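What follows is the residue order along each chain.
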Amino acid sequence: FPVVAIVGRPNVGKSALVNRILGRREAVVEDIPGVTRDRVTYPALWNDRRFSLVDTGGWEPDARGIDASVALQAEVAIELCDVVLFVVDSRVGATATDERVVQMLRRSNKPVFLVANKVDDSVLDPEVAALWSLGLGEPRAVSALHGRGVADLLDDVMKTLPEVSAVAQPKLAGPRRVALLGRPNVGKSSLLNKAAGEERVVVNEIAGTTRDPVDEQVEIAGRVWTFVDTAGIRRRVHLQKGADFYATLRTSAALEKAEVAVVLIDVTQEISDQDLRIIDLVLESGRALVLAFNKWDMLDDERRRYLEREIEQDLAHVDWAPRVNISARTGRHLEKLVPALDAALESWDTRVPTAKFNAFLAELVQEHPHPLRGGKQPRVLFGTQVQNRPPTFVLFTSGFLDPGYRRFIQRRLRETYGFEGTPIQINVRVRE
Ligand code: GDP
């Protein structure tokens, strides 16, 4: 669903507005400066349209004061939403903090509604009019507490809201979607046959399953999965010219539809550039990853020792991916794919609460500060996870971080939270 975010200083009445929009009657809890709470997303409905309402929460103002914390909050909200409701207190007027947020909002190019709250009656009309000066267009006078003006505001928000969100990730029902990847002859169709051939699942019996004929419902160890784009695996088209190009295209298309990739690697062959390219495509796609070493029945001791060295050398960059040793032909150990897929998907779905993440950052920075650079030390000021699938973090810093320090943060994140089977992304925003 499209996403509407509510942004504003503490005490301007964000929570009251959230409650009003949601039609809730709970006691209004105002933001208390000094209380860290997370973004909260609520399902909302107006004029038969569904959308997500993000209450951006109040974040602990640090030494740099409340200004900075509101600015950060706004920055994250902007990234996460399709439309912003920027709330100001009409009784107070626009403050310097508000002005700073306005600059950010204007730069973002996202549609913004300027909401002048606490206008319980028309006595405040001149104060509302004064807010034109913020340059965000018409100030919308509302009283979140009494409901005045909120319906009109929402009517207009609905007109601006896109049908399809540019930021929200679609949640599809049904079994989780797996892309089975690997170069020709690694055993993809053997694996499918072994799993699907023996325990065929009737597609229509499963609620919410896709009807896409190129996908297939496959049961492994009592669990149903949607293997995407299996038609390409079953129908063995051998293209001569440009085969690589088409293979890449097919892999990318499958990844697009999948949540997790199982990359099959043939243990009887050396790990090849083609294997590594496929893994790179998975990493680029941001999907979860499981490595399955196939034809294990053919492995002798000598090859096995060599394989271990190869894995250490060539697959070090994906040492976080669960590995399973299987034999697609005999069906041996196929069931081990299930806990591996579960682990990878769970990591991929993980959300680290903002407070916890910042506690983690604070400890990390204290223990191991960024090395001095030209007499200056870039500081990590604040961080938040802006997305999952895969986990994506934004760090706000006072200067660019050395690549080595970024890697250090990555490593610590994995040590602390596991993230087995998922790529993680860290974006750095340098604050001026
Ligand atoms: P695909 O191109 O990835 O779909 O590979 P196939 O499933 O067609 O397998 C290619 C060849 O490897 C076939 O001859 C399979 O019988 C064989 N094969 C697949 N999996 C195994 C396995 O686990 N052990 C052994 N020994 N052979 C396998």
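Residues numbered from 1 in each chain as written. Predicted model: local features only at pLDDT ≥ 70, side-chain atom pairs only at ≥ 80, totals over all residues.

A.B. asks: It is not clear to me how the overall build of the protein chain should be interpreted in this structure. Could you clarify?
C.D. replies: A tally of regular secondary structure across the protein chain gives 13 helices and 15 strands. Considering the protein chain as a whole, with its 432 residues, one finds that 38% of them fall into the buried category. (Helix = DSSP H or I, 4+ residues; strand = E, 2+ residues; numbered from the N terminus. Buried ≥ 20, exposed ≤ 12 C-beta atoms within 10 Å, placed from the backbone.)

A.B. asks: Help me out: how do you make sense of the sheet that holds strand β13 (residues 380–387) in this one?
C.D. replies: Adjacent strands of a sheet pair through backbone hydrogen bonds, lying either parallel or antiparallel. What the three strands build is an open sheet, ordered β13-β14-β15; its pairing is mixed. The open sheet terminates on both sides in strands that have one partner only, identified here as β13 and β15 (425–430). Pairs of neighbouring strands in the sheet enclose a mean axial angle of 25°, with direction left out of account. The sheet contact formed by strand β14 (residues 392–397) and β15 spans six bridges and is parallel. The partner of Phe393 across the bridge, within β15, is Ile426. (Pairing = 2+ DSSP bridges. Axes fitted to C-alpha atoms, helices over the stretch in contact; angles between N-to-C directions.)

A.B. asks: Got a minute to help me understand the sheet that holds strand β10 (residues 260–266) in this structure?
C.D. replies: An order of β8-β9-β7-β10-β11-β12 is seen for the six strands of this open sheet, with the pairing classed as mixed. Strands with a single pairing partner mark the edges of an open sheet, and in this sheet they are β8 (216–220) and β12 (323–325). Taken pair by pair, the neighbouring strands of this sheet meet at an average axis angle of 35°, ignoring direction. The sheet contact formed by β10 and strand β11 (residues 288–294) spans seven bridges and is parallel. Pairing of Asp266 across the sheet is with Asn294, part of β11. Along the sheet, helix α9 (residues 273–285) contacts β7 (177–181), β10 and β11; its crossing angle with β10, the most-contacted strand, is approximately 170°. Against the sheet, helix α11 (residues 337–349) touches β7, β8, β9 (223–227), β10, β11 and β12, its axis set at about 160° to β11. (Contact = placed C-beta atoms within 7 Å.)

A.B. asks: Is there a simple way to explain the site of the ligand in this structure?
C.D. replies: Inspection of the region around the ligand gives 16 residues, with Gly187, Lys188, Ser189, Ser190 and Arg329 positioned closest. Classifying every residue of the shell around the ligand by side-chain character gives five nonpolar, seven polar and four charged. (Near = placed C-beta within 6 Å. Nonpolar A, V, L, I, M, F, W, Y, C, P; charged D, E, K, R; others polar.)

A.B. asks: Explain the environment of Arg329 here, please?
C.D. replies: Topologically, Arg329 is positioned in the loop between β12 and α11. Along the sequence, Arg329 and Ser190 sit 139 residues apart, while their C-alpha atoms lie 6.0 Å from each other. When near neighbours in sequence (up to four residues on either side) are disregarded, Arg329 contacts Ser190 and Asp297.

A.B. asks: What should I look at first to understand helix α12 (residues 354–367) in this one?
C.D. replies: Along an α-helix, residues three or four positions apart point the same way, because every turn accommodates 3.6 residues. Under the 1.5 Å per step criterion, the end-to-end length of α12 is 20 Å for 14 residues, consistent within 8% with the ideal 20 Å. Among the residues of α12, those classed as buried are Thr354, Phe357, Asn358 and Leu361. The buried residues of α12 all sit within an arc of 95° when viewed along its axis, so they share a single face. Along α12, exposed side chains directed more than 90 degrees from the buried face belong to Ala359, Glu363, Gln366 and Glu367. Next to the buried residues of α12 lie β13. (Expected span 1.5 Å × (residues − 1). Arc of directions from axis to C-beta.)

A.B. asks: Teacher, can you tell me more about the pairing of strand β3 (residues 49–55) here?
C.D. replies: Every other side chain in a regular strand lies on the same face of the sheet, so the side chains alternate between the two faces. Pairing geometry for strand β1 (residues 3–8) and β3, over four bridges, is parallel. Considered in β3, the bridge of Ala5 is made with Val54. As judged from the seven bridges shared by strand β2 (residues 40–46) and β3, these two strands associate in the antiparallel manner. Looking at the pairing, Trp46 lines up with Arg49 of β3. Linking β2 to β3, which pair antiparallel, is a turn of two residues; within it Asn47 sits at a positive phi near 45°.

A.B. asks: Would you explain unusual backbone geometry in this entry?
C.D. replies: The residue after Arg389, namely Pro390, is reached through a cis peptide bond having omega 0°. If you trace the backbone, Pro390 turns up in the loop between β13 and β14. In the Ramachandran plot, Asn47 falls in the positive-phi region, its phi being about 45° despite a non-glycine side chain. Looking at the element boundaries, Asn47 is found in the loop between β2 and β3. With phi around 55°, Arg389 is a residue other than glycine that occupies positive phi space.

A.B. asks: Explain the nonpolar core to me, please; I cannot follow it from the model alone.
C.D. replies: As a rule of thumb, soluble globular proteins bury nonpolar side chains together. In terms of nonpolar packing, the biggest core is built from 45 residues, with Ala5, Ala77, Val84 and Phe86 touching the most fellow members. Those elements giving two or more residues to this core turn out to be β1, α1 (14–22), β3, α2 (65–80), β4 (83–89), α3 (96–108), β5 (112–117) and α5 (150–160). Apart from the residues within four sequence positions on either side, Phe86 is in contact with Val7, Gly8, Val101, Leu105, Val112, Phe113, Leu114, Val115 and Leu136. Core analysis: the second largest hydrophobic core is formed by 42 residues, Val263, Ile326, Leu345 and Trp348 among them. (Core = buried A, V, L, I, M, F, W, Y, C linked by C-beta atoms within 7 Å.)

Function cannot be inferred from these measures alone, as they are strictly geometric.
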